[in-house]
There are 2 protein chains.
Amino acid sequence: MSDAPGTVSAKDTEEVIMEATFRALSKHGYTDLRMRDIGEEMDLTRQVIHYHFDGKYDLLSSFLEYVIDQYEGSVEVDAGADPRTELDARIDQCLFGPEFEEFSHWDRMKVYHELYTHAQNDGEHREIFNEHYDRIRGSIVDVVEAGIEQGIFAPVNAERMGQLITDVIHAARGRRMALGHEDAPDEARAAIDEFILNSLYPDE
Amino acid sequence: MSDAPGTVSAKDTEEVIMEATFRALSKHGYTDLRMRDIGEEMDLTRQVIHYHFDGKYDLLSSFLEYVIDQYEGSVEVDAGADPRTELDARIDQCLFGPEFEEFSHWDRMKVYHELYTHAQNDGEHREIFNEHYDRIRGSIVDVVEAGIEQGIFAPVNAERMGQLITDVIHAARGRRMALGHEDAPDEARAAIDEFILNSLYPDE
């Protein structure tokens, strides 16, 4: 570690590498990424990457966890909110992104979706995505169940609805990026309200 | 074209190359594919590929159109069916695949989804996917509108519902492949019935 400045901790160094990886992926894409592309995006020498990570695959697995942690850490929902408010807030944050700058959020999502599709060939990444997917779906299922228990929502199949909403969010984000449909998140939000959440409020 | 047997037409040769490309992509994935991998999957010499296609990118664009044509050619819906039967049939065929063998259909879809995600970096592929997406969504919108006109369906926003259903289908297929959720298409079908199509039949 003689290359790293003495004042930088291992944690800080890893964050520098992760942000360099993010910039390199945004430029080159997953398909064409080389370790040297990452090295070119940071002030530290490339040896630092090899000190911290056991090759490109290990680095990308850590990067995937980094992106997910960052994403989840940014989802803030008022703990005292009623189920309806909380459900709306969770859907909006998944669809439109947390309070990063707009540009930055969608660039991160691009990498996320590229690695997601590639996980069909990759058991370890698949596991990381499955855990993340379960947490996202679970957080929606939980608030639907809470609303049903409190008599605010009609007694729907909460698991099924949570899964459906999670799928719609994923597809709308993917469509915005892959097909360039800038309004896909807004359209998805309107469709979720009109055709899915309406089952929670049958009397309105 | 001295390498190709005299009895093989250009059309047949292109199909041989397309099927070789499909097998090579299934083995190596989009990321690592080389022209020589395709050559190894066919009995014709590799020069034939270079005769028909102007490089890897040109070949993959043709391959994408080939997969889409094959997919669309296989979607058969009884022309005399009532809107409700036709809508169910279209959703099922998109979710569960046409009458290929199961294995073959999902292998084709893997390639489709990998190229779809990669289209975020690729204007030409994006255009091909956009046209295909419009046709899929359009075929669902059309049948919903026909049902409304005939008084069989309640007067919903057909465009919005068609888009929502198309997104759910895409996400469920992607989740089956990327995350290994074998039951994703069945779950999506149940969710579409319970939470989306129910708006078409408010009195049931």
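Every value quoted in this text rests on a predicted model; they were computed, and no experiment measured them.

Some words on the relation of the copies chain A and chain B
- Once turned by 180° and shifted 0.0 Å along the axis, chain A lies on chain B with an RMSD of 0.0 Å. Taken together, these values place the two copies in the relation of a two-fold axis.
- In this assembly, 100% of the residues forming the interface of chain A have copies in chain B that are likewise at the interface, indicating an isologous arrangement.

Observations concerning helix α9 (residues 184-196) of chain B
- Listed as buried for α9(B) are A184(B), P185(B), A188(B), R189(B), A191(B), I192(B), F195(B) and I196(B). Buried residues in α9(B), looked at end-on, bunch into an arc of 165°, giving them a common side.

Topic: a negative patch on the surface
All names here are of chain A.
- Together, E65, D69, E124, E127 and E131 make up a region of like negative charge exposed at the surface.
- Sorting the residues of the negative patch by element identifies α4 (56-73) and α7 (123-149) as the ones contributing at least two each.
- Residue contributions to the negative patch peak at three residues, all from α7.

Comments concerning the domain arrangement of chain A
Residue and element names in this part refer to chain A.
- Domain parsing of chain A yields domain 1 (10-53) and domain 2 (66-200).
- Taking the mean C-alpha position of each, domain 1 and domain 2 sit 28 Å from one another.
- Facing nine residues of domain 1, the contacting portion of domain 2 comprises nine residues.
- Roughly 810 Å² of surface becomes buried between domain 1 and domain 2 when both sides are summed, with 65% attributable to carbon and sulfur atoms.
- Ranking the residues of domain 1 by area buried against domain 2 places E19, F22 and Y30 at the top, with a combined share of 64%.
- Across the contact surface, domain 1 and domain 2 share one residue pair in polar contact (both at pLDDT 80 or more).
- When grouped by side-chain class, the residues that make up the side of domain 1 that touches domain 2 number four nonpolar, three polar and two charged.

Conventions used here
- Residues numbered from 1 in each chain as written.
- Chains lettered and ligands numbered in written order.
- Predicted model: local features only at pLDDT ≥ 70, side-chain atom pairs only at ≥ 80, totals over all residues.
- Heavy atoms only, no water.
- Least-squares fit on C-alpha atoms with pLDDT ≥ 70 in both.
- Contact = heavy atoms within 4.5 Å.
- Buried < 20%, exposed > 50% of the residue type's maximum accessible area, 1.4 Å probe, protein only.
- Helix = DSSP H or I, 4+ residues; strand = E, 2+ residues; numbered from the N terminus.
- Arc of directions from axis to C-beta.
- Patch = residues over 30% accessible without salt bridge, like charges linked within 9 Å, V, L, I, M, F, W, Y side chains within 5 Å.
- Areas by Shrake-Rupley, 256 points an atom, 1.4 Å probe, with all protein chains shown as cover.
- Salt bridge = Lys/Arg side-chain N within 4 Å of Asp/Glu carboxyl O.
- Lys, Arg positive; Asp, Glu negative; His and termini not counted.
- Charge placed at Lys NZ, Arg CZ, Asp CG, Glu CD.
- Domains from an automatic or database assignment.
- Buried area = accessible area lost by both parts, 1.4 Å probe.
- Polar contact = N/O pair within 3.5 Å; in protein donor to acceptor, adjacent residues only side chain to side chain.
- Nonpolar A, V, L, I, M, F, W, Y, C, P; charged D, E, K, R; others polar.

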